[in-house]
Each structure stands twice: as structure tokens, then as C-alpha cells.
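Fold and contact review
Listed below, chain by chain, are the residues.
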Amino acid sequence: MAISTYLSNPSLTVNAVDLSDQCTSATLTVKYDALESSAFGNSSRSYVAGLGDHELVCELFMSYAASETYATLAALVGTQTTVVMKPTSSAVGATNPSFTLTGTYLEALPVIDASLGELSSISLTFKGGTYAAAVA
Amino acid sequence: MFTIISPRVGTPGDKFEPSEDINTEALIEGGFIKSDKTPTKSAKTVETSLEE
């Protein structure tokens, strides 16, 4: 029987700051540009990997309190940093790998996003960087 | 080199050893860590009178 994993408690750190308790969703996508390598004689298109173009998209509750979301991100916009995601907050291991983007770029930071009757939240995209997965 | 202030980074009071790509200036500015470097004293200005 197939076993699926319900990720209810993933861990997210941005520039070494644990923002898991402010995060409501996060997706780290590993992607490589597809370079067409089809040639005469091929009956189907074929591709090889080009440059990596990874990204992390996450939704965070906005908080301007000390050591919270804004304090973490304000000085990072327009710079490169490191983000790490894990399925759970437990130690890294074979069943709890860590996924890291090193030197990833935060292009934009919505400094305020307010809607009546809703908790303020922001969407961030960290672009590029070097991807690594670790199990130890 | 750095000491942790905020539990979001680690145990407050512990030394913080950043990896190469961690932006420590952003962490200091955000109040997460503090630098242990002691400020360097500026050179004292000593007034001297010229002998005539």
C-alpha cells in the first residue's frame, strides 16, 4: 500500500532564522533549464539539463514585532541568502532530509499587505542559488 | 565572534557560528545576534606645546 506523507509541521529557516511558526505554505522547486538536443535522425525531441533555476515560494504571516518576520526580512531584500526546508523540525536524517538553497536571491518584499478582517500575510519568492539535499 | 540573542536562531547566549552565506549584518540589524567584537579605541590626541 502506498504511504503518503502529510507535512503538517515542516521547518523553514531564512538566513538561519527559524520562521516555521509564521509560515503557512512553502514550496521549494528544483528546476533545470531544458536545452534541446534533438538532431537529425531523432524521431522525438530530446533535452539535456542547462543551468539550475531553483526557487522557494512561501507564505508568511507578517509581524513587525522584535525577532519576527519583518525583522528577519527587511535587510535581506535585494541580497542573496540561504534558505533551508525540512519535512519536520526534527534532526536531519534519512527520513527527514534538509533541502537548502545557498546564495538565493530575494528580489521583492511586500512590506505591508492589509485586508480588513484578515491576518496580514505576505508571499515571498527566493530565486536561484545552489541547491543541495542532505540526509546527515 | 557572535552571540545569539533570539531563540529563532538558537539558544540565547550561545556562540553563533554562521556558515559562509549567512548575512550576519541582517541578523545584527534584526536583533537576532550581537557581535562580540570590542570597539576599537580611537587614538588619543595629546596636546603638545612647541618649545620656542
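Right above here is the structure, for reference.
Residues numbered from 1 in each chain as written. Chains lettered and ligands numbered in written order. Predicted model: local features only at pLDDT ≥ 70, side-chain atom pairs only at ≥ 80, totals over all residues.

To continue, consider the overall build of chain A. Helix and strand counts for chain A stand at one helix and ten strands. In sequence order, chain A lays out its α and β elements as β-β-β-β-β-β-α-β-β-β-β. Rg of the C-alpha trace for chain A: 18 Å, well past the compact-globule value of 14 Å for 136 residues, more than 25% over. Out of the 136 residues in chain A, the part that is buried amounts to 24%. Of all intrachain contacts in chain A linking residues separated by at least 6 positions in sequence, the fraction that spans at least 24 positions is 62%. (Helix = DSSP H or I, 4+ residues; strand = E, 2+ residues; numbered from the N terminus. Rg over C-alpha atoms; globule rule 2.2 N^0.38 Å. Buried ≥ 20, exposed ≤ 12 C-beta atoms within 10 Å, placed from the backbone. Contact = placed C-beta atoms within 7 Å.)

Time to look at the pairing of strand β9 (residues 121–127) of chain A. All names here are of chain A. Of the pairings in the sheet, the one linking strand β6 (residues 55–61) to β9 comprises seven bridges and is antiparallel in character. Bridged to V57 within β9 is T125. Bridge analysis of strand β8 (residues 98–106) against β9 gives two bridges, and the strand direction is antiparallel. Residue pairing across strands places L106 opposite F126, the latter belonging to β9. (Pairing = 2+ DSSP bridges.)

Moving on, we come to the nonpolar core. Counting 29 residues, the largest nonpolar core has V83 of chain A together with V9 and I33 of chain B as the members making the most contacts within it. For this core, the elements supplying multiple residues, two or more each, are β1 (11–14), β3 (23–29), β6, β7 (80–86), β8 and β9 of chain A together with α1 (24–29) of chain B. Those residues in contact with I33 of chain B, other than ones at most four positions away along the chain, are F2, T3, I4, I5, V9, F16, T24, L27 and I28 of chain B. (Core = buried A, V, L, I, M, F, W, Y, C linked by C-beta atoms within 7 Å.)

Attention now moves to unusual backbone geometry. Residue and element names in this part refer to chain A. A positive phi is found at N15, a non-glycine position, where the angle reads about 55°. In this fold, N15 is placed in the loop between β1 and β2 (17–18). For N15, a count of 26 C-beta atoms within 10 Å puts it in the buried group. Residue S67 is not a glycine yet carries a positive backbone phi of 60°. Tracing the chain through its elements places S67 in the loop between β6 and α1 (69–73).

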